[in-house]
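Here is what each chain is made of, one letter per residue.
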Amino acid sequence: MLKNYLKVAFRNILRQKGFTLLNITGLSIGIAASLLILQYVDHELSYDQFHENSSNIYRVEYDSYSDGALQFKCATAFPRVGPTMVEEFPEVVNYSRLFLRYGGGVVRYGEVSIKEDYLFQADQNFLDLFSYELVSGDITTALKEPNTAVVSVEAAKKYFGDEDPIGKNIKFGNQEEYEITGVIKSPEHSHLKFNFLLSYVTLINQWGQGFDDAWGWYDFYTYLELQPGASVNNLEAKFPAYIEKQGGENASNRMKFVLQPLEDIHLYSDLIQEARVNGNGRSVYFLMLIAFFILVIAWVNYINLSTARALERAKEVGIRKAIGAVKKQLIRQFIIESVLLNIIAAILGLLLLFIALPLFNQLANKGLELDIINNLNFWLSLGGLLVAGAFLSGLYPAFVLSSYKPAVVLKGATSSGRSRFDLRKVLVMIQFVASVGLIAGTLIVRQQLSYMQNQDLGIDIDQMVVINGPGVIANDSLYADDLGTFKNELAKHPGIEVAAVSTEIPGNLIYWTNGSRKLGSTQQSVIMYKVGIDYDFIDAYQHRLVAGRGYSREFTADQSSVILNEKAVKLLGFDSPEEAIGDRAVIGGDTLEVVGVIANYHQEGLMKDFDQTAFLLRPTASSYYSVKLSTDNLGQTLAFIGEKYRQFFPGNPYDYFFLDSFFDEQYNSEKQFGQVFSFFSLLAIFVACLGLFGLASFSASRRTKEIGIRKALGSSVPAIFVLVSKEYVKLILIANLIAVPIVWLLMNQWLQTFAFRIGIEIWIFLLAAVVTLIIALITVSFQSIKAALISPAHSLRYE
């Protein structure tokens, strides 16, 4: 019997080549797009799951409060937290701490000298708590001794080539020397990415045991391993008493600790001082929603086209029933046809998946690979899509086609029925709702991205070249003279407008923070972000002074002064910028006179709010050198800067970058999301057009005689086009009314992740409606005009 079902199914598939092509194309694109998105989602959800005890590992989040108001949420905590939590709570069985060497530094081995960014001081527990693969070295002792280090496989290749790194010594900065005791793999799908792990005990040797017991210095990533089955809620409920014990009376009013599941950090954590830029959980689930839309559109196509063909197969059903076929057998027949079509579509979908993967990796800046042989999740996804597609798309047409009565259909008196016709309209409308939603969503994503990239930052970063400052300074006592001479040499070049030095640059998170308050104020201290700058920094970046002045060599007391931004002035309790000038503030224990107030500016991208920032005079800062260039002879000017840099700071790599490009890198994830969103939206709309084209062709063929009569009575081609197309226009208008509130709610949630964002304006939905209408009319116009151009004599010759 199955053989007969398959034979009939193949015959029907081959007989209706146009129907088969439309359905298989739509289904294969839907399956390929969905599998591609599911691979991406699986990759994003897999972050940090390679650790053996990942479900029991948590990171300690530190939340700071001032007078009951949340000041910030931080990914780092105090160095004392890890050890004391193991002592205090039986639920905590292990801990590890990491200290980020902020700003990195120059690492040297022989003639190789490279500025490295991902440098962490890690305690010995790190290799025990996590499951990073140690390629060589002893995992139990690799970070146990002072001045030892573990190097990543990638970094080992850069410095040592094919040599064995074990036992080799590297130099970090001016004086620190570390022996390589291990080589480790640092996977990309982790919220931690490192090139070197330097032993934590080295810090204790350098700074003394007192720093390790500190309660207040929150620059230490702290991870806890809990007992299997331990209640996180119950443990967090004990934290206030623990904080009071460690931090003193009322400390629990000023801070809270929260446990973040390790597996959630990549997608759901956006704290200050993250170890690296994390993903966006909302964006991932938006893409899953698009995958669902594409599949639904493809399945709706199949249902619509199958039921539209009902008249053509009515006599087949009537004859089968007349010779003894029962409804159950007919349902099996049509379900097998659906399964067969979906299997063919799945095979083509796999081919499309392999073809599209490189393009997707380029759009999303990912390195996804299809290891489908050993990937159980992949086969489960494919199997799920195949089963769901075969039955969801095939079940309704099977029941519709098998329900015809032989006595009726064999007389030629067939009708699809009012309810089926209405259902078809509903299904088409669902496609239009999805299409309008995807078009409007794409417009909103692109508009938000354009808004962020073109918004005034409050500073000028165009033509600004930033050089990573020297990590190796031959003679500290001569550095100030060398720096001054270097800046003077640069000033002589006609292509250079100004050069400035600082501890930080726009586009970076400011790690240097302290509690601050207005002198004499009784209010609780607020966290202040601090940047060390020289005399030229304010002018170089064209910060707008709203009160007071910038730093000047004419004022010798400026070493004891501070420049604040407007947000800092407000948080410190000054009524206005003018009132702050001449008054004093306590910044990290130092009492400083406020000499200037600058306008708020965007230190980071528009995802973040303005930071309260204090600019301190540090004319010999060595982290970054900012050089403002003219637009002429950039190559020659950059070469000149490099020559002078190497002359005055030998042994340091000349690493530079253009600040505008560096600043825009903060938007890379949003750009990639926008590109991927647009790509899959276009696919979804294309699949919808395939179904609409097929439906229009069947609709036009059913109305051939009606159109012929109308033409014989004098109707014009445009009038017939309007007649055929108007039902789709009505459906589009209804679909827009349904789509607008849904899109507004979903996209408004996405926009809430940005501190500075666009408003969703009505023109976006009007444009989406117009685009959808144009696409639909173009799609149906071919069949409509073709039917309208047929001669009435040809249409009515059988009457």
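Refer to the structure presented above.
Caption draft 1: Quick look at the overall build of the protein chain. If you tally the helices and strands in the protein chain, you get 28 helices and 24 strands. Looking at the protein chain as a whole, 53% of its 799 residues qualify as buried. Here the analysis covers contacts within the protein chain between residues at least 6 apart in sequence; of these, 80% occur between residues at least 24 apart. Total accessible area on the protein chain stands at roughly 34,800 Å², and carbon and sulfur atoms take up 56% of it.

Caption draft 2: Structural detail: the nonpolar core. In terms of nonpolar packing, the biggest core is built from 169 residues, with F126, L197, F257 and Y541 touching the most fellow members. Aside from chain neighbours lying at most four places away, what touches F257 is V60, E61, Y62, A77, F78, V81, M85, W215, F239, Y242 and I243. I467, V501, L638 and F649 belong to the second largest nonpolar core, which has 21 residues in total.

Caption draft 3: Local environment of the packing of aromatic side chains. Evaluation of the coordinates by the stated rule reveals 55 aromatic pairs. The interplanar angle of 55° and the centroid separation of 5.7 Å between the aromatic rings of F89 and F239 together place this pair among those described as tilted. Of this pair, F89 sits in the loop between α3 (81-88) and β3 (92-100) while F239 sits in helix α9 (residues 239-247), and the two are 150 residues apart along the sequence. Look at F89 and you get buried, because its relative accessible area is 6%.

Caption draft 4: Local environment of the environment of Y102. Inspection of the secondary structure puts Y102 in the loop between β3 and β4 (105-109). Among the polar contacts made by the side chain of Y102, one reaches the main-chain carbonyl oxygen of L509 at a distance of 3.0 Å.

Caption draft 5: Here's a closer look at the pattern of salt bridges. Inspection of every chain in the model, using the stated rule, returns 24 salt bridges. Notably, a salt bridge pairs K245 with E88, separated by 2.6 Å at the nearest N-O pair. Residue K245 is found in helix α9, and its partner E88 is found in helix α3; the two are separated by 157 residues along the sequence. Residues participating in the shared-partner salt-bridge network are K487, D534, D536 and R553.

Caption draft 6: Just α3, in detail. What α3 keeps buried is the set V81, G82, P83, T84 and M85. Residues of α3 that are buried make contact with β1 (57-66), β3, β12 (220-226), α9 and β13 (255-261).

Caption draft 7: The side chain of E670, seen in detail. By the element assignment, E670 lies in helix α24 (residues 668-702). At 8.8 Å, K671 is the nearest oppositely charged side chain to E670, a buried residue that forms no salt bridge. Not counting residues up to four positions away in its chain, the partners in contact with E670 are L449, M452, M607 and F754.

Caption draft 8: Examining the pairing of strand β20 (residues 584-587) more closely. Sheet topology note: the strand β16 (residues 513-518)/β20 ladder contains three bridges and is antiparallel. Paired with S516 across the bridge in β20 is I587. Linking two consecutive strands that pair antiparallel, namely β20 and strand β21 (residues 590-598), is a turn of two residues; a positive phi of about 60° is found at G588 within it.

Caption draft 9: Main features of the pairing of strand β15 (residues 496-502). The buried fraction of β15 amounts to five of the seven residues, a majority that puts the element mostly inside the structure. In this structure, β15 lies alongside strand β23 (residues 624-629), joined through six bridges in antiparallel fashion. Bridging from a neighbouring strand, S502 pairs with Y624 of β23.

Rules used in this analysis
Every chain begins its residue count from 1, and numbering advances along the sequence as written. Note on the predicted model: pLDDT of at least 70 is required for a residue's local features to be given, and 80 or more for side-chain atom pairs to be given and counted; whole-chain, interface and lining totals, by contrast, use all residues. As a rule here, side-chain values come from all non-hydrogen atoms in the structure, and water together with hydrogens is ignored. Here a helix means four or more residues in a row that DSSP labels H or I, a strand means two or more in a row labelled E, and each is numbered from the N terminus. Using a 1.4 Å probe on the protein chains alone, a residue whose accessible area is under 20% of its type maximum counts as buried, one over 50% counts as exposed, and one in between counts as partly exposed. We call two residues in contact whenever any of their non-hydrogen atoms come within 4.5 Å of each other. Accessibility throughout is a Shrake-Rupley quantity obtained with a 1.4 Å probe, and a residue counts as covered only by protein chains that appear here. In plain words, nonpolar cores are sets of buried Ala, Val, Leu, Ile, Met, Phe, Trp, Tyr and Cys residues tied together by side-chain atoms within 4.5 Å. Aromatic rings from Phe, Tyr and Trp, with only the six-membered ring used for Trp, were paired whenever their centres fell within 6.5 Å, and each pair was classed as stacked if the ring planes differed by under 30 degrees, edge-to-face if by over 60, and tilted otherwise. Within 3.5 Å is the distance limit for a polar contact, defined as a pair of N or O atoms, with the added protein rule that one can donate a hydrogen and the other accept it, and that residues adjacent in sequence qualify only through two side-chain atoms. Here, a salt bridge means any side-chain nitrogen of Lys or Arg that lies within 4 Å of a carboxyl oxygen of Asp or Glu. The charge count includes Lys and Arg as positive and Asp and Glu as negative, but it does not include His or the ends of the chains. When DSSP locates at least two bridges between a pair of strands, those strands are taken to pair.

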